[in-house]
Amino acid sequence: MTLTLDKGANLSLTKTDPGLTQARVGLGWDVRSTNGADFDLDASAILITADGKVRSDADFIFYNQKSDEAGSVIHQGDNRTGAGDGDDEQITVDLTKVPADIAKVVIVVSIDAAAERNQNFGQVRNSYVRILNDVTQVDIAKYELGEEVATENAVVFAEVYRHNGDWKFKAVGQGYTDGLGGIARDFGVNL
């Protein structure tokens, strides 16, 4: 049974699934009817050190830079429409390969060209992030984004992070009105 988390809640992955070494983060959404302009939501991952910043721009994983240097976080490809059921984009995290100086992997979803198209998460429905064991294909936890980020065009959905030697998953749900650039700047990424 998949645990559904509320905003701000966290879960010990190490205790919930003691054999977990390969995690898959799935992100999904549906677009509400609007003016007919296409929506392109993009998932990204940012590897962060204990000081809350990236080591370099190589720690920003997205559809044009699909892996970090260690091969610990891999973007599985860009879905440009969100059509269909299930995950629209996925990112895998090999917990055994995450460099020791990385404290967390931040999972982000942003709307491409949101300002130009006047789009925001208020026009998106059924958005979620889930984490599953990539080896056993068993769902561990899910966080469904609500209306709390209706005017924002980028969201820090979740974090996979280390705490006292354990891996944890946190439902974040922090929205940004200045897009992926705002999130990137906060973590020290130069776009």
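Our subject is the structure listed above.
Residues numbered from 1 in each chain as written. Predicted model: local features only at pLDDT ≥ 70, side-chain atom pairs only at ≥ 80, totals over all residues. Heavy atoms only, no water.

What about the overall build of the protein?
Check the secondary structure of the protein and you find 3 helices and 12 strands. Taken over C-alpha atoms, the radius of gyration comes to 16 Å for the protein, in line with the 16 Å a tight globule of 191 residues would show. Principal-axis analysis of the C-alpha atoms places the extent of the protein at approximately 50 × 40 × 25 Å. Relative to its 191 residues, the protein shows a buried fraction of 50%. For the protein, contacts bridging at least 24 residues in sequence account for 70% of all contacts bridging at least 6. Accessible surface computed for the protein: about 8700 Å², of which carbon and sulfur atoms make up 44%. Across the protein, the mean location of the 18 positive side-chain charges is 3 Å away from that of the 30 negative side-chain charges. (Helix = DSSP H or I, 4+ residues; strand = E, 2+ residues; numbered from the N terminus. Rg over C-alpha atoms; globule rule 2.2 N^0.38 Å. Buried < 20%, exposed > 50% of the residue type's maximum accessible area, 1.4 Å probe, protein only. Contact = heavy atoms within 4.5 Å. Areas by Shrake-Rupley, 256 points an atom, 1.4 Å probe, with all protein chains shown as cover. Lys, Arg positive; Asp, Glu negative; His and termini not counted. Charge placed at Lys NZ, Arg CZ, Asp CG, Glu CD.)

Looking at the environment of lysine 170
Take lysine 170: it is sitting in strand β12 (residues 166-176). Taking the C-alpha atoms as reference, lysine 170 lies 15 Å from glycine 52; in sequence the two are 118 residues apart. Discounting residues that sit within four places of it in the chain, lysine 170 has contacts with Gly8, Ala9, Asn10, Phe157, Ala158, Glu159 and Tyr161.

Quick notes on the packing of aromatic side chains
For any pair of aromatic rings, geometry is given as the distance between the ring centres together with the angle between the planes. All chains considered together, the criterion is met by 3 aromatic pairs. Taking the centre distance of 5.6 Å and the plane angle of 75° together, the rings of phenylalanine 62 and tyrosine 63 count as edge-to-face. Summarising the aromatic geometry, the rings of phenylalanine 121 and phenylalanine 157 are spaced 6.4 Å apart at their centres and angled 55° between planes, so their arrangement reads as tilted. Of this pair, phenylalanine 121 sits in the loop between α2 (114-117) and β9 (124-133) while phenylalanine 157 is found in strand β11 (residues 154-163), placing the two residues 36 residues apart along the sequence. Judged by relative accessible area, phenylalanine 121 falls into the buried class, the value being 5%. Each member of the aromatic cluster is reached from another via a ring pair, and the members are Phe60, Phe62 and Tyr63. One cation-aromatic arrangement involves lysine 142 over tyrosine 128; the distance from NZ or CZ to the ring centre is 4.5 Å. (Phe/Tyr/Trp six-rings, centres within 6.5 Å; stacked < 30°, edge-to-face > 60°. Lys NZ or Arg CZ within 6 Å of the ring centre and 35° of its normal.)

A word on the nonpolar core
Soluble globular proteins: nonpolar side chains tend toward being buried together. Ranked by size, the top nonpolar core spans 41 residues in total, and within it Leu27, Phe121, Ile131, Phe157 and Phe169 carry the most contacts. Broken down by secondary-structure element, the contributors of at least two residues to this core are β3 (22-31), β4 (41-48), β7 (89-94), β8 (104-111), β9, β10 (138-144), β11 and β12. Once residues within four sequence positions are removed from consideration, phenylalanine 169 is found in contact with Leu5, Ala9, Asn10, Leu11, Leu13, Val129, Ile131, Ala141, Ala158, Glu159, Val160 and Tyr161. In this structure, Ile46, Phe60, Ala154 and Ala184 belong to the second largest nonpolar core, which totals 14 residues. (Core = buried A, V, L, I, M, F, W, Y, C linked by side-chain atoms within 4.5 Å.)

Brief notes about the sheet that holds β8
In space, the 6 strands of this open sheet follow the order β2-β12-β11-β8-β4-β5, with antiparallel pairing throughout. In this open sheet, the two strands that pair with only one neighbour each are β2 (10-12) and β5 (60-61). The sheet contact formed by β2 and β12 spans 3 bridges and is antiparallel. Bridge pairing in β12 links leucine 11 to phenylalanine 169. Against the sheet, helix α3 (residues 179-186) touches β4, β5, β8, β11 and β12, its axis set at about 30° to β11. (Pairing = 2+ DSSP bridges. Axes fitted to C-alpha atoms, helices over the stretch in contact; angles between N-to-C directions.)

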